[in-house]
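Listed here are the chains, written in short residue letters.
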Amino acid sequence: MIASTVRKLLFVITLFALSLFFFFPPFPFFSDPSVTFNSSLLERPEIWSIRRLAEWRPCKWWLQPHLNVLPAHTNGYIRVDCYGGLNQMRRDLCDGVGIARLLNATLVLPKFEVAAYWNESSGFEDVFDVDYFIQQMKGFVKVVKELPIEIASKDPVRVDCSKRKGQFDYVESVLPSLLKHGYISITPAMSQRRDRYPLYAKAALCQGCYSALRLTSTLEKKAVELLQAIPKPFLSLHVRFEPDMVAYSQCEYSGLSLASAKAIEAARVDRKPWTGETARIWRNRGKCPLTPNETAFILTALAIPANTTIYLAAGDGLMELEGLTSVYTSVVTKSSLLSGEDFTTMHGNTKAALDYYVSINSDSYMATYFGNMDKMVAAMRAFKGLYKTIFLNRKAFSLLTSQGHKGKELTEALWKVHRDDFIMGRGSALPDCFCEFNL
């Protein structure tokens, strides 16, 4: 009788203890107590909380100075002519530094050809600290502000490098012109084979790209002020949905406002949108920019809280922005944080430099495209040890929606795609100067 009573009492005590643990657990039931959850999507943790399996970090070999002592005599002078937006020009300069070292040439300060892109005339020295660049490149490649008197009055001989990609292309086709004329200008081909460069040329490229470029003191001061004005923590979001971008993509969109449709049509000129099966294939290959509304949907699928402060890193003319701001209401821009006078007097390149600076120093970064800015920002964030970086997967979004996925099914699928990208560190850095480390 007593034994039976004791057994019943122990059962009651055990049941009571289990109930206390259930209703008042020492930590949430999820395996990682540090995980932050979106209140509206409790079944999915915020994407940044997922443990990564691999990271891209700077390779140690190029951080060792003076891989190869610079020859005593130069083969001549090279000027790199850079075209496009700021980060495209930066990419051209990075490649140009490597080519100059490859050909044992002295590098003249680059020329920024911005008139066609920005309709202005800002130069390298308006964005980057010239003296710092020269000092940081010592031992990697010689850089000069001014040419010797005997060639200073001459324009450089233009050498076509559109089909030059690897070491022997430049040695066999460009070096003879450099030796003959003494002063040439080049624009590196977009598809470089840097893997074919000798280590000393790769090291110069990596040093020039990631350690030698610093904003001018005036521009950096403005960038710091902008960064400090943004409520912390914040997500920097690079959105590309301007009329010229959509027109260039040759994609068609339904449900846009009349104003957006007219702006896109005006920008198309002879780039007519794809139609029929071609349009479907093109979109499913991830060639169409995400709308702000689609961007908001993916952010929600990734459990990014609706009250997240978002810095919008974008150019002028962004369309359909209410598709994002109707979901994420704490959106700030450089134009809203800078004084009107500061903003209106800035060049396009300097505005882009502010977006770049804020993005490489943000708590997290997401891009709706995989353009030059996104590649450079992701690489520099990896260089600084900042790994909360994701490129939103346009291809996956298009494929999933074309297959009829929607609602919860679509958000779950998008979550899995981006989770797999994030944990493997895919696309987090340009591979030429970085190595993959398993965690």
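Above this text is the structure in question.
Residues numbered from 1 in each chain as written. Predicted model: local features only at pLDDT ≥ 70, side-chain atom pairs only at ≥ 80, totals over all residues. Heavy atoms only, no water.

When helices and strands are tallied, the protein chain shows 22 helices and 12 strands. Across the 439 residues in the protein chain, those meeting the buried criterion constitute 49%. Summarising the internal contacts of the protein chain: among those between residues at least 6 apart in sequence, 78% fall at separations of at least 24. Here the protein chain has roughly 21,900 Å² of accessible surface; of this, 57% comes from carbon and sulfur atoms. (Helix = DSSP H or I, 4+ residues; strand = E, 2+ residues; numbered from the N terminus. Buried < 20%, exposed > 50% of the residue type's maximum accessible area, 1.4 Å probe, protein only. Contact = heavy atoms within 4.5 Å. Areas by Shrake-Rupley, 256 points an atom, 1.4 Å probe, with all protein chains shown as cover.)

Turning our eyes to something else, we now look at the state of the cysteines. Under the definition given, this model contains 4 disulfides. Cys59 shares a disulfide with Cys435; S-S distance 1.9 Å. Disulfide Cys59 to Cys435: torsion about the S-S bond roughly 115°, handedness right-handed. Taken as a pair, Cys59 in the loop between strand 1 (54-58) and helix 2 (60-63) and Cys435 in strand 12 (residues 434-438) lie far apart in primary sequence, 376 residues in all. Sulfur-sulfur distance for the disulfide between Cys251 and Cys288 comes to 2.1 Å. As the torsion about the S-S bond is roughly -90°, the Cys251-Cys288 disulfide counts as left-handed. Taken together, the residues Cys251 in the loop between helix 12 (243-249) and helix 13 (258-268) and Cys288 in the loop between helix 14 (276-284) and helix 15 (292-301) connect sequence positions 37 residues apart. Accessibility classification places Cys251 together with Cys288 in one group, the buried group. When the cysteines of the protein chain that form disulfides are numbered from the N-terminus onward, they connect as 1-8, 2-4, 3-7, 5-6. (Disulfide = S-S within 2.5 Å.)

The next point concerns the packing of helix 3 (residues 86-102) against helix 20 (residues 372-383). The contact between helix 3 and helix 20 brings their axes to 8 Å, and the two run at 65°. Every pair of crossing elements has a handedness; the one defined by helix 3 and helix 20 is left-handed. Taking contact as the criterion, the partners of Asn87, Gln88, Arg90, Arg91 and Cys94 in helix 3 are, on helix 20, Asn372, Met373, Met376 and Met380. Classifying every residue of the contact of helix 3 with helix 20 gives 4 nonpolar, 3 polar and 2 charged. (Axes fitted to C-alpha atoms, helices over the stretch in contact; angles between N-to-C directions. Left-handed = near helix turned anticlockwise from the far one by under 90°. Nonpolar A, V, L, I, M, F, W, Y, C, P; charged D, E, K, R; others polar.)

A separate point is the pairing of strand 8 (residues 309-313). Along strand 8, 5 of the 5 residues are buried, which leaves the element largely enclosed by surrounding structure. The alternating pattern of strand 8 places Thr309, Tyr311 and Ala313 on one face and Ile310 and Leu312 on the opposite face, and all of these are buried. Here strand 7 (residues 234-238) pairs with strand 8 via 5 bridges, running parallel. Bridged to His238 within strand 8 is Ala313. (Pairing = 2+ DSSP bridges.)

Turning our attention to the sheet that holds strand 11 (residues 389-391). Within a sheet, neighbouring strands are paired by backbone hydrogen bonds and run either parallel or antiparallel to one another. If you walk across this open sheet you meet the 5 strands as 9-8-7-10-11, and the pairing is parallel. The strands lining the two open edges of the sheet, one partner per strand, are strand 9 (331-332) and strand 11. Strand direction decides the pairing type here: strand 8 and strand 9, joined by 2 bridges, are parallel. Across the sheet, Ile310 pairs through a bridge with Val331, a residue of strand 9. Contacts from helix 19 (residues 348-360) reach strand 7, strand 8 and strand 10 (364-367), with the element oriented near 145° to strand 8.

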